[in-house]
Amino acid sequence: MPSVMTSHIIPAPVDAVWNMVRRFNGHDQWHPAIAKSQIENGIPEDQIGCVRNWRLSSGEKLREKLLALSDAETTLRYCLIETPIPLYNYVAELRLIPVTLQNHCFVHWSARFQTPKDRAEELVNLVQNGVQRAGIQAIEKEITAHVD
């Protein structure tokens, strides 16, 4: 089972970054691969079990379920429940940790999943670079544009 992890330090307070990323339905506001997103059935976006239904910029539809959200631990965990990409049993976690000396934010984004063996390298690269790295870079760009 592949496991992917990307981490980075964003030069902004953890609370500022958390206020942006804790919105389970807010990723279309900052992630460059996401065209639009909505939470199904009018459920609040911070309610465990809510499902976000979203489209990639290329048009593919995906659905993800919120498994955990902790303001105290600045962590959210979610799983893919529908995707055209062969990522099976996909569970991801985004965690923020304060870097107190500089008042910065350490971002740790991890995912584990199963995939066809002949596509494992391709899909690990997609998750690490197309999802995690692209997302973290976009978070940093967005948050540092608004933090003094």
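Structural data are supplied above this passage.
The residue count restarts for each chain, going from 1 along the sequence in the order it is written. A pLDDT threshold of at least 70 governs which residues receive local features in this predicted model, and a stricter bar of 80 or more applies before side-chain atom pairs are shown or counted, although totals over entire chains, interfaces and linings include all residues. The basis for every side-chain value is the complete set of non-hydrogen atoms in the structure, without hydrogens or water.

(A) Focus on the overall build of the chain. Looking only at helices and strands, the chain features 2 helices and 7 strands. Strands are runs of DSSP state E lasting at least two residues, helices are runs of H or I lasting at least four, and both sets are numbered from the N terminus onward. For the chain, the succession of helices and strands along the chain, N to C, is β-α-β-β-β-β-β-β-α. What you see for the chain is a C-alpha radius of gyration of 15 Å, in line with the 15 Å of a compact globule of 148 residues. Principal axes of the C-alpha set define a box for the chain whose edges measure 45 × 35 × 25 Å. Looking at the chain residue by residue over its 148 residues, the buried ones come to 43%. We take the radius of gyration over the C-alpha atoms and set the globule estimate at 2.2 Å times the residue count to the 0.38 power. Burial here depends on accessible area, computed with a 1.4 Å probe over protein chains only, as a share of the maximum for the residue type. Under 20% is buried, over 50% is exposed, and the range in between is partly exposed.

(B) Molecular detail of unusual backbone geometry. The backbone of Thr74 sits at a positive phi, close to 40°, despite the residue not being glycine. For Thr74, the location among the structural elements is in the loop between β4 (61–70) and β5 (75–82). On the basis of relative accessible area, Thr74 is assigned to the buried category, the value being 9%.

(C) Focus on the sheet that holds strand β3 (residues 51–56). Taken in spatial order, the 7 strands make up an open sheet running β1-β7-β6-β5-β4-β3-β2, and their pairing is antiparallel. Taken across any chain shown, the strands that pair with only one partner, and hence form the sheet edges, are β1 (3–10) and β2 (34–39). On average, each strand axis in the sheet is inclined to that of its neighbour by 20°, with strand direction left out of account. Two strands qualify as a pair provided DSSP detects at least 2 bridges between them. Bridge analysis of β1 against strand β7 (residues 104–114) gives 8 bridges, and the strand direction is antiparallel. Residue His8 lies in a different strand from β7, and its bridge partner there is Val107. Between two residues, a contact is recorded if the distance between any of their heavy atoms is within 4.5 Å. To obtain an axis, a line is fitted to C-alpha atoms, over the contacting stretch when the element is a helix, and the angle between two such axes runs from 0 to 180 degrees between their N-to-C directions. The sheet strands contacting helix α1 (residues 14–21) are β1, β4, β5, β6 (88–99) and β7, and the helix crosses β6 at an angle near 150°. Those strands touched by helix α2 (residues 120–146) are β1, β6 and β7, and its axis lies near 15° from that of β1.

(D) Quick peek at the state of the cysteines. Throughout, a disulfide means two cysteine sulfur atoms within 2.5 Å of one another. Under the counting rule described, the total for this entry stands at 0 disulfides. In this model Cys50 remains outside any disulfide bridge; the closest cysteine sulfur is found in Cys79, 11 Å from its own. We classify Cys50 as buried; its relative accessible area is 1%. The exposure class assigned to Cys79 is buried, which follows from its relative accessible area of 12%.

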